[in-house]
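Okay, here's what each chain looks like letter by letter:
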Amino acid sequence: MENSLLPEMLQLLHRNETFALRKFLQSPYHNTRTDVVRLFEYILANNTLSLEITADREVLFKAVYAATPFDSKQLNYVVSYLIKLIEQFIAQEEYAQSAATQSLHIVRGFRRRHCLHLSERAARTAVKKLEKQARRNASYYWERFYLANETLRGQAQQGRSLEFDFDKLNEAHEKAFFIERLQLGCMVQSRQAVASKAYETGFLPVLLAFLKDHPWLQEPAMAAWYYAYCMQTDQNAPVHFERLKTVIFENSMLFNDLEQHDLFLLAVNFCIRRINSGDAAFSRELFDLYKEGLLQNVFLENGILSRWSYNNIVNAALKIGEITWAMQFLEQYRAKLEPAFRDTNYYFNLARCLYEKGDYDPALESLTHMEYDDMLQNLSARTLQIKIYHDTAAWQALDSLLDSVRIYIRRKKVLGYHKENYSNIVRFVQRIMALPPGDRAARAQLREEMMQCKVLSERAWLLARVGF
């Protein structure tokens, strides 16, 4: 196990982090073992990341311990020690990224050494920094609480705690806890929706009753998570959605990147559920969310836009006829896709846009540039081909493609509910092709079957082809 952990950890480090780790290992404060340094340097110099093969292990041992006879246990020990140091290094790097955590530990360090004036001085400095930064989320209130708590403990050591403002301490704690409890509630509701499993709400109903019409809802962080939760659980969901949208559109600077992403995703998923239930008005809402989220870089992670977000954003634009915007988006964000999926997703979505414009031949040409490794992407591309062949009356090609897709679906065992969806698409297209000309009763019957079908992603397109 250890032999596989070390290569994995080293591969996680960027070039600058590798150089920093070398300094960390060479520092006597962190490490006094020279064999650990030699192990690290040898692996780095020789790109030796395989520690499973005995011959490689013997070579590695010799590089670290020179003339010492090979000892597998000793090698395992030094590897284990290096792993622990890498974990400490990663923890140190994370600690260095959090100014608030460092400030708190400075305050605590002076307080534990019974130096109250230095502790209070450090606390005042930390509070000033805290108030200058824009965030007003749960972390902000926790930081206020912990700093105030350290000040209280310091004053108690000196017999001065009666001077302390306990109302502010309590309020900071309660606001931090309320926000985090609402965040957890939103997470549970989202999980419950896809897992079809009920979870206990605990005393969350009491918290919600407390917050209803409470002045704390004037604070964006509290309001955002409150409305996000109510949006998922309350009969007035559209009202809560509008309030949530207002908060996240106007107060992005108050949340960290992860919170922004989660809040936008909750709103996006709400829109998708409403659209799927037949409320077409939310198609525009969904598009507006994506546009604003792109402006706020909500959907980027380390500068990368996932292929799923890329596809969904194009789909949202096409749903409301924003073809020109969608094609501009394709080009603007193409370079931000993961390299492994860049071309396939670009050409697939380009084909979708060209289809909506009525440029069928260029659309088919774009599909030839795709890689078909992903099953769902494969089926999406084939569905687009089906639509093009039908709309261009290429009946022979369409008939052959439908047979091919039906066989593909039958052979795949891991499609889940997607299997039912694509099977329905194939079945209904074949039914459309077989409709007797002028038979209004048959068309009406087929249309009714399409309307009643529970899983059918291309319902609107199919209904349009049935006519009446």
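This one's a predicted model, so the numbers in the text were calculated from it and none came from an experiment.

### Describing the overall build of the protein chain
Step number 1: A count of helical and extended segments in the protein chain gives 23 helices and 2 strands.
Step number 2: Expressed as lengths along the three principal axes of its C-alpha atoms, the size of the protein chain is roughly 95 × 70 × 40 Å.
Step number 3: By residue count, 42% of the 468 residues in the protein chain fall in the buried class.
Step number 4: Long-range pairs, those at least 24 residues apart, make up 59% of the contacts in the protein chain between residues at least 6 apart in sequence.
Step number 5: By element, 51% of the accessible surface of the protein chain is carried by carbon and sulfur atoms, the whole surface being about 26000 Å².

### Quick word on unusual backbone geometry
Step number 1: Of note, the phi angle at His114 is positive, near 60°, even though the residue is not glycine.
Step number 2: You can see His114 is positioned in the loop between helix 6 (99-112) and helix 7 (116-132).
Step number 3: According to the relative accessible area criterion, His114 is exposed, its value standing at 54%.
Step number 4: Its identity as a non-glycine residue notwithstanding, Ala393 has a phi of 60°, on the positive side.

### Notes on the pattern of salt bridges
Step number 1: Under the defined criterion, the tally for this structure stands at 18 salt bridges.
Step number 2: The closest approach of N and O atoms between Glu171 and Lys175, which form a salt bridge, is 2.9 Å. Of the two residues, Glu171 and Lys175 both sit in helix 9 (residues 166-195), 4 residues apart, roughly one turn of that helix.
Step number 3: On the accessibility criterion, Glu171 (31% relative accessible area) is partly exposed.
Step number 4: Across the salt bridge formed by Lys357 and Asp359, the nearest N and O atoms sit 3.9 Å from each other.
Step number 5: A network of salt bridges, in which partner residues are shared, links Arg108, Arg111 and Glu150.

### Points about helix 5 (residues 72-97)
Step number 1: Given a rise of 1.5 Å per residue, 26 residues ought to cover 38 Å, and the 38 Å separating the end C-alpha atoms of helix 5 matches this to within 8%.
Step number 2: N-cap assignment for helix 5: the residue whose side-chain oxygen lies 3.0 Å from the backbone N of Lys73 is Asp71.

### Some words on the state of the cysteines
Step number 1: A complete count under the given rule lists 0 disulfides for this structure.
Step number 2: Free of any disulfide, Cys271 has its nearest cysteine sulfur in Cys186, 15 Å distant.
Step number 3: The buried category is assigned to Cys271, whose relative accessible area is 0%.

### Describing the side chain of Arg57
Step number 1: Among the structural elements, Arg57 can be located in helix 4 (residues 54-65).
Step number 2: A polar atom in the side chain of Arg57 sits 3.0 Å from the side chain of Ser72.
Step number 3: Within polar-contact distance, the side chain of Arg57 engages the side chain of Asn76 at 2.9 Å.

### Considerations on a nonpolar patch on the surface
Step number 1: Taken together, Phe177, Phe203 and Val206 make up a surface patch of nonpolar side chains, about 280 Å² in accessible area.
Step number 2: As for its placement among the helices and strands, Phe203 is situated in the loop between helix 9 and helix 10 (204-211).

### Observations regarding the packing of aromatic side chains
Step number 1: Under the counting rule described, the total for this entry stands at 26 aromatic pairs.
Step number 2: Between the aromatic rings of Tyr77 and Tyr81, the centroid separation amounts to 6.4 Å while the plane-to-plane angle is 35°, which identifies the pairing as tilted. On the criterion of helical spacing, the pair formed by Tyr77 and Tyr81 is a turn pair, its members being 4 residues apart in helix 5.
Step number 3: On the accessibility criterion, Tyr77 (47% relative accessible area) is partly exposed.
Step number 4: Ring plane angle 70° and centroid distance 5.6 Å describe the contact between Tyr226 and Tyr227, whose orientation is recorded as edge-to-face.
Step number 5: Through a chain of ring-to-ring contacts, three or more aromatic side chains come together here, namely Phe177, Phe178, Phe203, Phe210 and Trp216.
Step number 6: One residue, Arg307, lies across the ring of Phe341, its end atom 3.6 Å from the ring centre.

### Quick look at the packing of helix 19 (residues 375-391) against helix 20 (residues 395-411)
Step number 1: The contact between helix 19 and helix 20 brings their axes to 9 Å, and the two run at 160°. Taken together, helix 19 and helix 20 sit at an angle that is classed as roughly antiparallel. You can see that helix 19 and helix 20 cross each other, and the crossing is left-handed. In this structure, helix 19 contributes Met375, Asn378, Leu379, Arg382, Gln385, Ile386, Tyr389 and His390 to the contact, and helix 20 contributes Trp395, Ala397, Leu398, Leu401, Leu402, Ser404, Val405, Tyr408 and Ile409.
Step number 2: For the contact of helix 19 with helix 20, the per-class residue count stands at 12 nonpolar, 4 polar and 1 charged.

### Description of helix 22 (residues 440-452)
Step number 1: Between the first and last C-alpha of helix 22 there are 18 Å, a value that for 13 residues agrees with the 18 Å anticipated at 1.5 Å per step.
Step number 2: Here helix 22 starts with a cap whose side-chain oxygen sits 3.3 Å from the backbone nitrogen of Ala441, and that cap is Asp439.

### Here we look at the side chain of Asn421
Step number 1: For Asn421, the location among the structural elements is in helix 21 (residues 417-433).
Step number 2: Not counting residues within four places of it along the chain, the set of residues in contact with Asn421 comprises Val455, Leu456 and Ser457.

### Points about the nonpolar core
Step number 1: Among the nonpolar cores identified, the biggest contains 112 residues, and Leu182, Leu244, Phe329 and Met450 are the most heavily contacted of them.
Step number 2: Per-element tally for this core: the top contributor is helix 11 (residues 220-233), with 11 residues.
Step number 3: If we ignore the near neighbours within four places in the chain, the residues touching Met450 are Phe428, Ile432, Leu456, Arg459, Leu462, Leu463 and Val466.

### Some thoughts on the environment of Ala198
Step number 1: Take Ala198: it is sitting in the loop between helix 9 and helix 10.
Step number 2: On the basis of relative accessibility, which here comes to 68%, the residue Ala198 falls in the exposed class.
Step number 3: Taking the C-alpha atoms as reference, Ala198 lies 9.0 Å from Val188; in sequence the two are 10 residues apart.

### Some words on the environment of Gln445
Step number 1: Position of Gln445 relative to the elements: it lies in helix 22.
Step number 2: Here Gln445 falls in the partly exposed class, since its relative accessible area comes to 44%.
Step number 3: The spatial distance from the C-alpha of Gln445 to the C-alpha of Leu330 is 40 Å, given a sequence separation of 115 residues.

Rules and cut-offs
- Residues numbered from 1 in each chain as written.
- Predicted model: local features only at pLDDT ≥ 70, side-chain atom pairs only at ≥ 80, totals over all residues.
- Heavy atoms only, no water.
- Helix = DSSP H or I, 4+ residues; strand = E, 2+ residues; numbered from the N terminus.
- Buried < 20%, exposed > 50% of the residue type's maximum accessible area, 1.4 Å probe, protein only.
- Contact = heavy atoms within 4.5 Å.
- Areas by Shrake-Rupley, 256 points an atom, 1.4 Å probe, with all protein chains shown as cover.
- Salt bridge = Lys/Arg side-chain N within 4 Å of Asp/Glu carboxyl O.
- Expected span 1.5 Å × (residues − 1).
- Polar contact = N/O pair within 3.5 Å; in protein donor to acceptor, adjacent residues only side chain to side chain.
- Disulfide = S-S within 2.5 Å.
- Patch = residues over 30% accessible without salt bridge, like charges linked within 9 Å, V, L, I, M, F, W, Y side chains within 5 Å.
- Phe/Tyr/Trp six-rings, centres within 6.5 Å; stacked < 30°, edge-to-face > 60°.
- Lys NZ or Arg CZ within 6 Å of the ring centre and 35° of its normal.
- Axes fitted to C-alpha atoms, helices over the stretch in contact; angles between N-to-C directions.
- Parallel < 35°, antiparallel > 145°, perpendicular 65-115°, else oblique.
- Left-handed = near helix turned anticlockwise from the far one by under 90°.
- Nonpolar A, V, L, I, M, F, W, Y, C, P; charged D, E, K, R; others polar.
- Core = buried A, V, L, I, M, F, W, Y, C linked by side-chain atoms within 4.5 Å.

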